[in-house]
Amino acid sequence: MDRPDLYVMARILERLWRDPSPMLKTRLQVAIGTNYDVFSRYLDWMCERGLTSLVDEDGHQKVLLTDEGREAYRRIAMWINEVVHGKRG
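Residues numbered from 1 in each chain as written. Predicted model: local features only at pLDDT ≥ 70, side-chain atom pairs only at ≥ 80, totals over all residues. Heavy atoms only, no water.

Enquirer: How should I be thinking about the pairing of strand β3 (residues 60-65) in this particular structure?
Expert: Each regular strand displays side chains that alternate between the two surfaces of the sheet. Bridge count between strand β1 (residues 23-24) and β3: two bridges; the pairing is antiparallel. The residue bridging Leu 24 from the neighbouring strand is Lys 62, located in β3. Summarising the sheet, strand β2 (residues 52-57) and β3 pair through six bridges and their orientation is antiparallel. In the sheet register, Ser 53 faces β3, and the bridge partner there is Leu 64. (Pairing = 2+ DSSP bridges. Helix = DSSP H or I, 4+ residues; strand = E, 2+ residues; numbered from the N terminus.)

Structural data, given as C-alpha cells:
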C-alpha cells in the first residue's frame, strides 16, 4: 500500500484498543465495516510494521494490538481530533 487510508487504520486500531483480548480476524473485519480483501491488505501492512500481530488461539488465528499499535492509535486519534475536529489537548 502506497497511501493507506488513515480512517481505515484508525478503525482497526480503535476496535483492537477497545477489546484488549485477541480478536478473530473475521469478527474484526465485520466490526470495522470493510470487505475482507481490503481488510486483509491493511492487516498484512499493519503486521509488517509491528502495529498488530497474529496469534493462534483455540485453533483460530486472532489479531492482537501491539504496544506500537497502541501508540499509533493514540497519535492518530489525537491528530484526527486536532486537525479534523478542531479539538486541542
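Enquirer: Quick question: what am I supposed to make of the packing of aromatic side chains here?
Expert: Geometrically, a pair of aromatic rings is defined through the distance of the ring centres and the angle of the planes. The final tally for this structure, using the stated rule, is two aromatic pairs. Geometrically, the ring pair formed by Tyr 36 and Phe 39 is tilted, given 5.7 Å between the ring centres and 50 degrees between the ring planes. Of this pair, Tyr 36 and Phe 39 are both found in helix α3 (residues 36-48), three residues apart, which corresponds to roughly one turn of the helix. Among the residues examined, Tyr 36 registers a relative accessible area of 34% and is labelled partly exposed. (Phe/Tyr/Trp six-rings, centres within 6.5 Å; stacked < 30°, edge-to-face > 60°. Buried < 20%, exposed > 50% of the residue type's maximum accessible area, 1.4 Å probe, protein only.)

In short, geometric facts, not functional conclusions.
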